[in-house]
Number of protein chains: 2
Amino acid sequence: MANIKEIARIAGVSVTTVSRVLNNHPYVSPQKRAAVLATIEQLNYTRNMNAVHLITGRTGAIGVVIPNINYYYFSAILEGLAREALPAKYRLILCQTSYRPEEELQVLDMLRNKEIDGVVIVSTALKPETIEAYTAYGPVVTCQDSGERRFSSVYLEHYAAFWHGLQYLRNKGYRKIGYFEGRQHGSSSGLRQKAFGDFHRESGIPLHPEWIMFDCATEEDGAAALDRLWQMEERPDALIIAGDHVAAGLMIAARSYKIRIPEDLAIIGFDNQPIGRLLGLTTIDNQLFEMGAAAFRIIHDQINEDAPSPVYRKLDYRLIERTTV
Amino acid sequence: MANIKEIARIAGVSVTTVSRVLNNHPYVSPQKRAAVLATIEQLNYTRNMNAVHLITGRTGAIGVVIPNINYYYFSAILEGLAREALPAKYRLILCQTSYRPEEELQVLDMLRNKEIDGVVIVSTALKPETIEAYTAYGPVVTCQDSGERRFSSVYLEHYAAFWHGLQYLRNKGYRKIGYFEGRQHGSSSGLRQKAFGDFHRESGIPLHPEWIMFDCATEEDGAAALDRLWQMEERPDALIIAGDHVAAGLMIAARSYKIRIPEDLAIIGFDNQPIGRLLGLTTIDNQLFEMGAAAFRIIHDQINEDAPSPVYRKLDYRLIERTTV
DNA sequence: GTAAAATATGGAATGGATTTCATAGCAAGT
DNA sequence: ACTTGCTATGAAATCCATTCCATATTTTAC
């Protein structure tokens, strides 16, 4: 395959001049520029980008740590990232981790290895200290609140958002509140759990631990959780559900039980997903697209600074009132 | 930052020996190996992978051309790809193209530039000839039937699958069939359209073009298409819908019209999505995970051959009978 | 005891670009 | 006439690891 040296030889110029043409640098006479371009055309030449990456120390790629591509929450953030990254000529390297620390570390090691210019961690199983150790090698941004760490983050105040939802249910007169959650152990899910506990304590509403259902990740999990709930003696009159698709599954299953929503059971979801919109699901919008987009913008800025200081960008949630409360 | 030369100097060996240790090559004495490893540890050294990529001519990355990450069809294929690729130590470079040819070409150019070892094109806006031209630079596999081209493909016989669905409706007594489709112009959607036309012609059932709704990409599009359909004088008694989530949107909207399914309107979907499973939607499973997985396996095999011949892998569809027909 | 094979090691070439530095011609400014 | 400053060009250093080849030592084989 042709290389820059060959182009230089055939075009009768130096490799420096060829490089100048390739990179649109000034100080190349029109004649030489034309000769170089003609030779490039003729030999069907393209740069070996690995050589470029080696010498420049940049790759124009960003690693994305994502537990599961197939969940709306994650794929929406990814979509937001992609929408910003591609026009800026950055590529995304995807790593589906399923919350396995080894996989996450592999992406962080790619930063160390100079394979990527930055890392966006959408959701992590690692400790913040572990991530911090890698900031020496390049910018890292997480999409969850890790406190004021030595890496940037874009986050939503899940505690406040959840509290807001609970408050809303309470103002509407509901006092028997159930809760469907995805992972039991997780950064933002932990905050929601804390909000759920604190809210009950503070407002004096009795908390029913048996109405808290974990591992609700899919539509079918939502339906199954309702089944369990409806076998109980005492049932909640309202549910707060992390993930509109889970709520959707529940709403669909609710039909066979002839449960009227919201008369028999009020529901409030999370994420503002299309399926929820269709079902008239009251939900809390958490700006997933914007989260991905903001994460990219921060990484992008920081790649070009030499000693970037971490940025903590808080996004606003918004309660969308529809018909299920 | 430390490099291999520095490690060699400090450990008192040659760079060759360091390289041997790094790559687990034989013929290194235990003492020297230990010395090298100790120095690596001490200097917190890691390889600059860009140098490795340059000299080996491999990067261990595969480009994925995907129109939209956020659609189940695509994200399921991506999931299948990721599940195979990551254990095999391959990375995926994602390019969301929105069917823009420039974006697709950029990924193919990455193959030319040696930034990636292969390309998986999940769905494309390019002509097969254009793709063929790039096979000189590395293996390419598409997830749609392009005929017997100079690149591999994994595909489902959309024509036959669709015909099968239509036949099923006909056997159940339906004679007034509507059709919701995503893109009007597209490889597999073209095949389905052809099947729809041919089927009506051959079976003598009159075709109602006004019952064909294009651009049904989301749940909400499905609902909106039903709205349009239900404003018509004459309505279909059965629908075949490309995409279970679109069918789901329609089913949810159908409730407000008090349409009984399947008595008033039978529905058959595509993709076997979780939401459809929950709704009891009769559907045609098209093995999306397997499609992604197979695509990776083919690329992976071909990367290690020097003159690979294209592979055409046909996947089987399967009609899943539930309760909407 | 000697030839052949296996083990151990390093020098130097190689992959393919970018960039610093040096040099030189030429126009403008004083 | 002489200093600046801009344009144009190329040689050579640099980025960093892999691998071919040559050489030396040790084992095994007969």
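The shown structure was predicted, so the numbers you read here are calculated from the model rather than taken from an experiment. (Residues numbered from 1 in each chain as written. Chains lettered and ligands numbered in written order. Predicted model: local features only at pLDDT ≥ 70, side-chain atom pairs only at ≥ 80, totals over all residues. Heavy atoms only, no water.)

(A) Quick look at the interface of chain B and chain A. Each partner contributes residues to the interface: chain B has 49 residues there, and chain A has 49 residues. For glutamate 220 of chain A, the salt bridge identified is with arginine 277 of chain B, shortest N-O distance 3.2 Å. For the interface between chain B and chain A, the tally reads 19 residue pairs in polar contact (both at pLDDT 80 or more). Looking at the side of chain B that touches chain A, the elements that each hand over two or more residues are helix H4 (49–56), helix H5 (72–85), strand S2 (91–96), helix H6 (101–112), helix H10 (219–230), helix H11 (244–256) and helix H12 (274–279) of chain B. (Contact = heavy atoms within 4.5 Å. Salt bridge = Lys/Arg side-chain N within 4 Å of Asp/Glu carboxyl O. Polar contact = N/O pair within 3.5 Å; in protein donor to acceptor, adjacent residues only side chain to side chain. Helix = DSSP H or I, 4+ residues; strand = E, 2+ residues; numbered from the N terminus.)

(B) Structural detail: the nonpolar core. Grouped together as the largest cluster of nonpolar side chains are 104 residues, with contacts concentrated most on Leu78 of chain A together with Leu78 of chain B. Aside from chain neighbours lying at most four places away, what touches leucine 78 of chain B is Ile69 and Leu94 of chain A together with Val64, Ile66, Ile69, Leu92 and Leu94 of chain B. (Core = buried A, V, L, I, M, F, W, Y, C linked by side-chain atoms within 4.5 Å. Buried < 20%, exposed > 50% of the residue type's maximum accessible area, 1.4 Å probe, protein only.)

(C) Representation of the protein's contact with DNA strand D in the model. Lining the immediate surroundings of DNA strand D are 24 residues, of which Thr17, Tyr27 and Ser29 of chain A together with Ile4 and Tyr45 of chain B lie closest. Each atom of DNA strand D within 4 Å of the protein was assigned to sugar, phosphate or base; sugar and phosphate come to 60%. Contact distances for DNA strand D include 3.0 Å between a phosphate oxygen and a backbone N or O atom of serine 14 of chain A. Among the elements of the structure, helix H2 (15–22) and helix H4 (49–56) of chain A together with helix H2 (15–22) and H4 of chain B are those that each provide at least two residues to the surface near DNA strand D. (Near = heavy atom within 4 Å.)

(D) Region of the structure containing the domain arrangement of chain A. You can read the domains of chain A as domain 1 (4–47), domain 2 (59–157 + 288–316) and domain 3 (158–285). Of note, the centres of domain 1 of chain A and domain 3 of chain A, computed from C-alpha atoms alone, are 64 Å apart. (Domains from an automatic or database assignment.)

(E) Fine view of the protein's contact with DNA strand C. Lining the immediate environment of DNA strand C, one finds 27 residues, of which Ile4, Ser19 and Tyr45 of chain A together with Thr17 and Ser29 of chain B sit closest. The sugar-phosphate backbone supplies 55% of the atoms of DNA strand C found within 4 Å of the protein. Side-chain polar atom of arginine 20 of chain B to a base oxygen of DNA strand C: 3.0 Å apart, as the coordinates give it. Elements with a minimum of two residues in the surface near DNA strand C: H2 and H4 of chain A together with H2 and H4 of chain B.

(F) Layout of the sheet that holds strand S10 (residues 282–285) of chain B. Residue and element names in this part refer to chain B. On the basis of which strands lie adjacent, the open sheet formed by six strands has the order S7-S6-S8-S9-S10-S12 and mixed pairing. Of all the strands in the sheet, the pair left with one neighbour each is strand S7 (212–213) and strand S12 (318–320). As judged from the three bridges shared by S10 and S12, these two strands associate in the antiparallel manner. Following the sheet pairing, isoleucine 284 is matched in S12 by leucine 319. Lying on the sheet, helix H9 (residues 187–203) is in contact with strand S6 (177–180), S7, strand S8 (238–241) and strand S9 (266–270); it crosses S6 at an angle near 170°. (Pairing = 2+ DSSP bridges. Axes fitted to C-alpha atoms, helices over the stretch in contact; angles between N-to-C directions.)

(G) Region of the structure containing the environment of isoleucine 298 of chain B. Turning to its location among the elements, isoleucine 298 of chain B is positioned in helix H13 (residues 288–303). In this view, isoleucine 298 of chain B contacts Ser152, Val154, Val311 and Arg313 of chain B; residues no more than four positions away in its chain are not counted.

(H) Region of interest: the layout of surface pockets. In this model, the largest pocket occupies a volume close to 740 Å³. Contributing to the lining of the largest pocket are 32 residues, with Asn70, Tyr72 and Glu219 of chain A together with Asn70 and Tyr72 of chain B lying nearest its centre. Listed by contribution, the elements that provide at least two residues to the lining of the largest pocket are helix H5 (72–85), helix H10 (219–230) and helix H12 (274–279) of chain A together with H5 and H12 of chain B. For the lining of the largest pocket, the leading source of residues is H5 of chain A, giving four residues. Residues of the lining of the largest pocket, tallied by class, amount to 14 nonpolar, 12 polar and six charged. (1 Å grid on protein atoms, 1.4 Å probe; cavity = no way out; pocket = protein on both sides within 12 Å on 5 of 7 lines; lining within 4 Å. Points joined across faces, edges and corners; volume = space filled by probe spheres on them. Nonpolar A, V, L, I, M, F, W, Y, C, P; charged D, E, K, R; others polar.)

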